[in-house]
2 protein chains.
Amino acid sequence: MPASVPSWLYLPGIAAPGGAYTLPEDEAHYVGRVCRAKPGEPATGTDGEGTVADLELTRVARSVEVAVLGRRFVPRPCVASVLCGTPEGSRADWLVEKLAELGIARLVPLECARANWRGARLDRARKIAVAALRQSRNAWLLEVAEPVTVSDAIAGISGTEARWIADAEAQDRWAPAVIPPASVAAVGPAPGFTAGEREQFAGSGFQPVRLGPARLRTETAAIAWAAGWTARLDGPGPAP
Amino acid sequence: MPASVPSWLYLPGIAAPGGAYTLPEDEAHYVGRVCRAKPGEPATGTDGEGTVADLELTRVARSVEVAVLGRRFVPRPCVASVLCGTPEGSRADWLVEKLAELGIARLVPLECARANWRGARLDRARKIAVAALRQSRNAWLLEVAEPVTVSDAIAGISGTEARWIADAEAQDRWAPAVIPPASVAAVGPAPGFTAGEREQFAGSGFQPVRLGPARLRTETAAIAWAAGWTARLDGPGPAP
């Protein structure tokens, strides 16, 4: 693949093999203006829902078109959601980028008693998720949900997920031997969950777990949990 | 403790109990101007080398003095170093903050063939490490070493450390059952290690390990490794 062609495009609703597809505006700008790609060059793209397509650029102008040469489906045997209180300052950008890189399926911003996501730039967060998808060549896009209350977040869980809540005071480490098909982690906002919020989670089967001896910021705890999840994804493997 | 008093001060060379100590300039500004603390109020501080001291403010003016009421030593049974290539853009700030929060002892910036830390603000990185020490109430400060070549970094290892190198293509997962007393992880810069650099690490006993199925940025791989390290620190614990 020539160096000029972007290695991974985000193409929602990508056509079936044999079909033609017009790139979304952002991707067209990137291919045509940033990479200065030319018709005939190859490219790869994903719809962020598991489909990865091999492409050939057929038109590169203000509008960019591709022919879909082939496509494959990348399954996702395990999915994880993170229900997360508000981190401080600009740390939400990082939270989104890292959860996307680590392959988390869904970030649910939690409106908590002590902190809320009011003023959060969800449009910006979703762009960061797309950028991380491109960079990490993931076939699945991190979904950034609309902020919800703790009650609504719990009500929105389908029922079969394994559930944990990050808690520096917990007796149990988070150390699952096997990753279940569906997992949910809850992480408090910078000032912490209230006792009432903790009770809501406990009453819904969320197991308090600690992520190490240290006191972690909101986004660090969420990323540490996601790192532990993704590290266990592909089976126990041989220990080094 | 009144809300006005900072919860955790960084006090290198803190005096013995019964002694007096004049705060470094940054801490004095924070205590006097930001927190508007008053003489007689309590505070806590650490020298970043395991000593935690209980203090009483005795003078709060342009210069701030404390009396050391008592102190204790927080041992560090396991230490970890991260030898790390250059992350992209401003991501080094994040790398430092997160490694500090996760309790890593030492960050060694690696000068690699494909990327170097020239222009990196080490003074800024060290301030970030101190801020993370305060925030996470750690008794040990993350040391940010001077950048060195791969050869020099390897030569600087004492010899007894367990050694891993992050490698997305590795056959083995990084999943140690027990954390050894001393660990070192090597992580490539954004464009990756060269084959020659990998050989140098392999020849020095660094075991290639993967941190999950995803392709991770430099700082994400380093943070994911550190999260796995800290999560295993306090023993196997009961699985939830």
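What counts and how
Residues numbered from 1 in each chain as written. Chains lettered and ligands numbered in written order. Predicted model: local features only at pLDDT ≥ 70, side-chain atom pairs only at ≥ 80, totals over all residues. Heavy atoms only, no water. Helix = DSSP H or I, 4+ residues; strand = E, 2+ residues; numbered from the N terminus. Buried < 20%, exposed > 50% of the residue type's maximum accessible area, 1.4 Å probe, protein only. Contact = heavy atoms within 4.5 Å. Areas by Shrake-Rupley, 256 points an atom, 1.4 Å probe, with all protein chains shown as cover. Salt bridge = Lys/Arg side-chain N within 4 Å of Asp/Glu carboxyl O. Polar contact = N/O pair within 3.5 Å; in protein donor to acceptor, adjacent residues only side chain to side chain. Nonpolar A, V, L, I, M, F, W, Y, C, P; charged D, E, K, R; others polar. Core = buried A, V, L, I, M, F, W, Y, C linked by side-chain atoms within 4.5 Å. pLDDT = per-residue confidence, 0-100. Least-squares fit on C-alpha atoms with pLDDT ≥ 70 in both. Phe/Tyr/Trp six-rings, centres within 6.5 Å; stacked < 30°, edge-to-face > 60°. Lys NZ or Arg CZ within 6 Å of the ring centre and 35° of its normal. Pairing = 2+ DSSP bridges.

### Some thoughts on the overall build of chain A
Then, number 1: Across its full length, chain A holds six helices and 12 strands.
Then, number 2: Structurally, chain A occupies a C-alpha span of about 60 × 45 × 30 Å along its principal axes.
Then, number 3: Within chain A, buried positions represent 54% of all 240 residues.
Then, number 4: Nonlocal contacts in chain A, meaning residues at least 24 apart in sequence, comprise 70% of its contacts between residues at least 6 apart.
Then, number 5: Carbon and sulfur atoms make up 50% of the accessible area of chain A, which amounts to about 10600 Å² in all.

### A word on the interface of chain B and chain A
Then, number 1: At the junction of the two partners, chain B supplies 41 residues and chain A supplies 41 residues.
Then, number 2: Here chain B and chain A share eight salt bridges between them.
Then, number 3: On inspection of chain B and its partner chain A, the count reaches 14 residue pairs in polar contact (both at pLDDT 80 or more).
Then, number 4: The set of elements that each furnish at least two residues to the side of chain B that touches chain A consists of α2 (91–101), α3 (122–136), β12 (207–209) and α6 (218–231) of chain B.
Then, number 5: In terms of residue count, α6(B) provides more of the side of chain B that touches chain A than any other element does, seven residues in total.
Then, number 6: Grouping the amino acids of the side of chain B that touches chain A by side-chain chemistry returns 19 nonpolar, nine polar and 13 charged.

### Observations regarding the nonpolar core
The tendency in soluble globular proteins is for nonpolar side chains to be buried as a group.
Then, number 1: Within the largest apolar cluster, 72 residues are counted, with the highest numbers of intra-cluster contacts made by A:I104, A:L142, A:W225, B:I104, B:L142 and B:W225.
Then, number 2: Excluding its chain neighbours within four sequence positions, the residues that come into contact with A:W225 are A:A80, A:S81, A:V82, A:I104, A:W164, A:W174, A:S183, A:A185 and A:L211.

### As for the confidence of the model for chain A
Residues and elements named next belong to chain A.
Then, number 1: Residue-level pLDDT values for chain A average 91, and 95% of them are 70 or greater.
Then, number 2: pLDDT under 50 marks residues 236–240. Its contacts with residues more than four places away, or in other chains, come to 13 contacts.
Then, number 3: Scored as a whole, the predicted complex attains pTM 0.92, and scored at its interfaces, ipTM 0.90.

### Points about the environment of A:T220
Then, number 1: When you line up the elements, A:T220 lands in helix α6 (residues 218–231).
Then, number 2: In sequence terms A:T220 and A:G48 are 172 residues apart; their C-alpha atoms lie 25 Å from each other.
Then, number 3: Leaving out residues up to four positions away in the same chain, A:T220 has contacts with B:K98, B:E101 and B:L102.
Then, number 4: For A:T220, the side chain forms a polar contact with the side chain of B:E101, separated by 2.8 Å.

### Points about the relation of the copies chain B and chain A
Then, number 1: Superposing chain B onto chain A takes a rotation of 180 degrees combined with a translation of 0.0 Å along the rotation axis, leaving an RMSD of 0.0 Å. Interpreted geometrically, this transformation is the action of a two-fold axis.
Then, number 2: The share of interface residues of chain B whose copies in chain A are also at the interface is 100%, consistent with both copies meeting through the same surface.

### Overview of the pattern of salt bridges
Then, number 1: For the coordinates displayed, the defined rule picks out 28 salt bridges over all chains.
Then, number 2: The partner of A:R198 in a salt bridge is A:D167, with the nearest N and O atoms 3.7 Å apart. In this pair, A:R198 is assigned in helix α5 (residues 195–203) and A:D167 in the loop between β10 (162–166) and β11 (182–187), connecting sequence segments 31 residues apart.
Then, number 3: Among the salt bridges present, the one from B:R121 reaches B:D123, with a minimum N-O distance of 3.4 Å.
Then, number 4: A cluster of three or more residues bridged by salt bridges with shared partners is formed by A:E88, A:R91, A:R217, A:E219, B:E97, B:K98 and B:E101.

### Examining the packing of aromatic side chains
Centre-to-centre distance and the angle between the planes together describe a pair of aromatic rings.
Then, number 1: In this structure the tally under the stated criterion is 13 aromatic pairs over all chains.
Then, number 2: Judged by centre distance (5.9 Å) and plane angle (80 degrees), the ring pair of A:F73 and A:W140 falls under edge-to-face. With A:F73 in strand β5 (residues 64–73) and A:W140 in the loop between α3 (122–136) and β8 (143–144), this residue pair connects regions lying 67 residues apart in the sequence.
Then, number 3: On the numbers, 4.9 Å between centres and 70 degrees between planes, the contact of B:F201 with B:F206 is edge-to-face. Pair check on accessibility: B:F201 and B:F206 agree, each one buried.
Then, number 4: Members of the aromatic cluster, connected to one another through ring pairs, are A:W164, A:W174 and A:W225.
Then, number 5: Over the face of the ring belonging to A:W174 we find A:R232, whose NZ or CZ atom lies 5.3 Å from the ring centre.

### Observations concerning the pairing of strand β10 (residues 162–166) of chain B
Residues and elements named next belong to chain B.
Then, number 1: Of all five residues in β10, four are buried, a share of seventy percent or more.
Then, number 2: In this structure, β10 lies alongside strand β11 (residues 182–187), joined through four bridges in parallel fashion. Across the sheet, residue A162 finds its bridge partner in β11, namely S183.
Then, number 3: In this sheet, β12 lies alongside β10 in parallel orientation, the contact comprising three bridges. Along β12, the bridge assignment pairs I165 with P208.

### Side note on the sheet that holds strand β3 (residues 42–46) of chain B
Residues and elements named next belong to chain B.
Then, number 1: In spatial order, the strands read β1-β3-β4-β5-β2; together these five strands make up an open sheet with mixed pairing. The open sheet is flanked by β1 (9–10) and β2 (20–22), the only strands paired with a single partner.
Then, number 2: Bridge count between β3 and strand β4 (residues 51–60): five bridges; the pairing is antiparallel. Opposite G45, over in β4, you have A53 as the bridge partner.

### Remarks on helix α2 (residues 91–101) of chain A
Residue and element names in this part refer to chain A.
Then, number 1: With 10 of 11 residues buried, α2 lies mostly within the body of the structure.
Then, number 2: Three or more residues of α2 are buried, namely R91, A92, W94, L95, V96, E97, K98, L99, A100 and E101.
Then, number 3: Two residues or fewer after α2 comes G103, characterised by a positive phi angle close to 85 degrees.

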